[in-house]
Amino acid sequence: MMRHVMMCLAVSLLSVPLAYGQDFSKYRNFSLGTSLTELSKQIDRKPADASVIYQSPALIQELTWSPEQSHQASAPSETVQQILFSFYNGNLYRIVVTYEFFGTEGLTAEDMVRAFSAKYGPATRPAAEANPPAIVAVTAGQTIAFWEDSKYRLNLSRFSLSSTFHFAMFSKQLNGQAEAAIAEAVKQEREDAPQRENALLKKAGEDLEMKRQANLKTFRP
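All figures in this text were calculated on a predicted structure; none of them were measured in a lab. (Residues numbered from 1 in each chain as written. Predicted model: local features only at pLDDT ≥ 70, side-chain atom pairs only at ≥ 80, totals over all residues. Heavy atoms only, no water.)

Engineer: Tell me about the overall build of the chain, and name the residues and values.
Structural biologist: Within the chain one finds six helices and nine strands. Per-residue burial over the chain gives 28% buried out of 221 residues. For the chain, long-range pairs separated by at least 24 residues make up 49% of all intrachain contacts whose partners lie at least 6 apart in sequence. When the accessible surface of the chain is split by element, carbon and sulfur atoms take 57% of a total near 15000 Å². (Helix = DSSP H or I, 4+ residues; strand = E, 2+ residues; numbered from the N terminus. Buried < 20%, exposed > 50% of the residue type's maximum accessible area, 1.4 Å probe, protein only. Contact = heavy atoms within 4.5 Å. Areas by Shrake-Rupley, 256 points an atom, 1.4 Å probe, with all protein chains shown as cover.)

Engineer: Give me the side chain of S171: which residues, what numbers.
Structural biologist: In this structure, S171 sits in strand β9 (residues 165-171). Residues contacting S171, with those up to four places away along its chain left out, are L32, Y93, K151, Y152 and G176.

Engineer: Give me the pattern of salt bridges: which residues, what numbers.
Structural biologist: Enumeration over the complete set of coordinates arrives at eight salt bridges. Note that R125 is salt-bridged to E110, the shortest N-O span being 3.1 Å. Taken together, the positions of R125 in the loop between α4 (109-120) and α5 (134-139) and E110 in helix α4 put the pair 15 residues apart, joining distant regions of the chain. Judged by relative accessible area, E110 falls into the partly exposed class, the value being 40%. Note that R114 is salt-bridged to D111, the shortest N-O span being 3.3 Å. Placement of both R114 and D111 in helix α4 is noted, with a separation of three residues, approximately one turn of the helix. (Salt bridge = Lys/Arg side-chain N within 4 Å of Asp/Glu carboxyl O.)

Engineer: Could you give an account of the sheet that holds strand β8 (residues 152-158), with specific residues and numbers?
Structural biologist: With respect to topology, seven strands assemble into an open sheet ordered β3-β4-β5-β6-β9-β8-β7, the strand pairing being antiparallel. Strands with a single pairing partner mark the edges of an open sheet, and in this sheet they are β3 (51-54) and β7 (142-148). Averaged over neighbouring strand pairs, the angle between their axes works out to 20° when direction is ignored. When β8 meets β9, the two strands line up antiparallel, connected through seven bridges. (Pairing = 2+ DSSP bridges. Axes fitted to C-alpha atoms, helices over the stretch in contact; angles between N-to-C directions.)

Engineer: Tell me about helix α6 (residues 172-218), and name the residues and values.
Structural biologist: Each α-helix winds once per 3.6 residues, and so residues spaced three or four apart point in a common direction. A rise of 1.5 Å per residue sets the reference length of α6, with its 47 residues, at 69 Å; its end C-alpha atoms lie 64 Å apart and thus fit the reference within 8%. Along α6, the largest kink reaches about 45° and is centred on D192; proline P194 follows within four residues of it. The set of residues buried in α6 consists of L174, N175, A178, A181 and A185. Against the buried residues of α6 lie β3, β4 (60-65), β5 (80-88), β6 (91-99) and β9. (Expected span 1.5 Å × (residues − 1). Bend = angle between axes of the 7 residues up to and from the residue.)

Engineer: Give me the packing of aromatic side chains: which residues, what numbers.
Structural biologist: Counted by the stated rule, this structure contains eleven aromatic pairs. Aromatic side chains F30 and F85 sit 5.1 Å apart centroid to centroid with 65° between the ring planes, which places their arrangement in the edge-to-face category. In this pair, F30 sits in strand β2 (residues 30-31) while F85 sits in strand β5, placing the two residues 55 residues apart along the sequence. As far as the burial class goes, F30 and F85 line up, both buried. Arranged with centres 5.3 Å apart and planes meeting at 75°, the rings of F101 and F102 form a pair that is edge-to-face. Classification of F102 as exposed rests on a relative accessible area of 67%. One aromatic cluster in this structure is built from F24, Y27, Y99, F116, Y120, W147 and F167. For K119, the ring lying beneath its charged end belongs to Y120, and the centroid distance is 5.4 Å. Seen from the ring of F146, R153 lies directly overhead, with NZ or CZ sitting 3.8 Å from the centre. (Phe/Tyr/Trp six-rings, centres within 6.5 Å; stacked < 30°, edge-to-face > 60°. Lys NZ or Arg CZ within 6 Å of the ring centre and 35° of its normal.)

Engineer: Can you explain unusual backbone geometry? Please cite residues and give values.
Structural biologist: The peptide bond linking S56 to P57 adopts the cis configuration, its omega dihedral lying at 5°. As for its position among the elements, P57 is in the loop between β3 and β4. Unusually for a residue other than glycine, R28 sits at a positive phi of about 55°. Of note, R28 is situated in the loop between β1 (26-27) and β2. Within the chain, D44 stands out as a residue other than glycine whose phi angle is a positive 60°. If you trace the backbone, D44 turns up in the loop between α2 (36-42) and β3.

What follows is the structure in structure tokens.
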């Protein structure tokens, strides 16, 4: 009985680091849910540097950042080319990482999955499609593996043309809210498009008439 209890205790202790190590909300020192103000401090940027994608019905912003390469020979080279941070009403809901081609050159999909699995645990491999759509492979990349729990989703993908690897992670709740807000904003833009076009045409006509009147006064044949 004592041996059985000790074995269970040992297994429990060994499983604790693994469980706590699989934090799907973190990438390096960045955490989903962080405010734009706080993340801007982390990367030495200003909140005003973020691009406003939509303002209504929710504020959608994006901020891109490229880590500096170390010039020390002993320091490992930086494999990240760029990180795209997306914010919903000021909170980080998605992180998309693009890796340097030369930093991943020669690495296979299995190599990449193994590297991420060491941090996030066993990966789920998507079922292979008999005839995968070419458009998806080019524009969105082909999903190699993913990790998820009830709150977060992590995708590892590869673009077939450039062989570039991408890693995306997002909060399911905030991402769902952001996608709904973006869909509503796009719908509103389409509905307002005729009115905006008419306003632009009217403004262009008024500007042209002003130039005409000015030129009538100064023109000399």
